[in-house]
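# Analysis of the macromolecular model
Single-letter residue listing:
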Amino acid sequence: MGREFIRLFDHWAKDYDQTVQGYDPEYKAVFLDYDMILRAIVDQVQGNVLEFGVGTGNLTAKIYAANHRIFGVEPSKEMRKQAKLKVPQVTIYDGDFLKYPKFDCQIDTIVSSYAFHHLTDTEKSQAILAYSRILPLGGRIIFADTAFATKKAREEAIRKAEKMQYFNLAEDLKTEYYPLLHELEQAFTQAGFKIEFKRLNDFVWLMAAEKVREVEVID
Ligand SMILES: C[S@@+](CC[C@H](N)C(=O)[O-])C[C@H]1O[C@@H](n2cnc3c(N)ncnc32)[C@H](O)[C@@H]1O
């Protein structure tokens, strides 16, 4: 589930860190201020951390350096290899946003960067609800990812990418599941979270959610 993009990431793993540094003109605006974006997540982290879609481990390394216990989950084998080279001290599990191991300690914060859009809207809601069961009251979900304020803004971004002949970016924007802010707000609120959004570049928003109530889940 939500794993249809993994082959692409296996191929991308070795060059991924060059892309985030802005070497690929198509994705330069998406990764603009990448380091600041990861730091914005680290600033809001508390306690033990669970990270999804760790990629080459850039966010993982920053959270580890900030002295948090962190567990990583990443479905791409090649990405896991790269992350292991960067942060050998951290265990990176094979898994995804919906399937991951049980941890023997309390998780206080769940983080992810540039990855949540790989889930469909239904899968996003399922995932957030499951995280609500893992986190204590006051627990946090801190994500940074591409999202759009309105449908018009999403369509405009696709048109702009096509006009620039950024056909890979345009295809991504059309085929992956980039959410609208109000859809995310609804999913988080239904799962017992209060969420705030902050725009970090033309594509990426910081999504900072805090669990404010328990939600009854019927299995
Ligand atoms: C664009 S990279 C982001 C990597 C890293 N978090 C960063 O900020 O640089 C997206 C990552 O999400 C992973 N991914 C794809 N589908 C996923 C899923 N369903 N669950 C968790 N991670 C997924 C990919 O394998 C890839 O490593």
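Located above this text is the structure these notes cover.
Residues numbered from 1 in each chain as written. Predicted model: local features only at pLDDT ≥ 70, side-chain atom pairs only at ≥ 80, totals over all residues. Heavy atoms only, no water.

### Things to note about the layout of surface pockets
In this structure, the largest pocket encloses a volume near 670 Å³. Lining the largest pocket are 40 residues; nearest its centre among them are Phe-9, Trp-12, Tyr-114, His-117 and His-118. Of all the secondary structure elements, the ones that give two or more residues to the lining of the largest pocket are helix H1 (6-12), helix H2 (16-20), helix H4 (58-65) and helix H8 (167-175). The residue inventory of the lining of the largest pocket, partitioned by class, reads 22 nonpolar, 12 polar and six charged. (1 Å grid on protein atoms, 1.4 Å probe; cavity = no way out; pocket = protein on both sides within 12 Å on 5 of 7 lines; lining within 4 Å. Points joined across faces, edges and corners; volume = space filled by probe spheres on them. Helix = DSSP H or I, 4+ residues; strand = E, 2+ residues; numbered from the N terminus. Nonpolar A, V, L, I, M, F, W, Y, C, P; charged D, E, K, R; others polar.)

### Side note on the pairing of strand S7 (residues 204-211)
Counting buried positions along S7 yields seven of eight residues, so the element is predominantly enclosed. Bridge count between strand S5 (residues 140-146) and S7: seven bridges; the pairing is antiparallel. Bridge assignment links Asp-145 to a residue of S7, and that residue is Trp-205. In this antiparallel pair of consecutive strands, strand S6 (residues 193-199) and S7, the connection spans four residues. (Buried < 20%, exposed > 50% of the residue type's maximum accessible area, 1.4 Å probe, protein only. Pairing = 2+ DSSP bridges.)

### Some points on the packing of helix H3 (residues 34-42) against H4
At a closest axis distance of 10 Å, the pairing of H3 and H4 adopts a crossing angle of 45°. Taken as axis vectors, H3 and H4 run oblique relative to one another. The way H3 lies across H4 gives a crossing that is right-handed. Contacts between H3 and H4 involve Tyr-34, Asp-35, Leu-38, Arg-39, Ile-41 and Val-42 from the former and Asn-58, Leu-59, Lys-62 and Ile-63 from the latter. (Axes fitted to C-alpha atoms, helices over the stretch in contact; angles between N-to-C directions. Parallel < 35°, antiparallel > 145°, perpendicular 65-115°, else oblique. Left-handed = near helix turned anticlockwise from the far one by under 90°. Contact = heavy atoms within 4.5 Å.)

### Points about the environment of Gln-186
Summarising the element assignment, Gln-186 is placed in helix H9 (residues 181-190). A C-alpha to C-alpha distance of 8.9 Å links Gln-186 and Ser-125, two positions 61 residues apart in sequence.

### A closer look at the sheet that holds S6
Read from one edge to the other, the open sheet built from seven strands follows the order S3-S2-S1-S4-S5-S7-S6, with strand pairing classed as mixed. Taken across any chain shown, the strands that pair with only one partner, and hence form the sheet edges, are strand S3 (92-93) and S6. Of the strand pairs in this sheet, strand S2 (residues 70-73) and S3 are connected by two bridges, and their pairing is parallel. Its bridge partner being in S3, Gly-72 is matched across the sheet by Ile-92.

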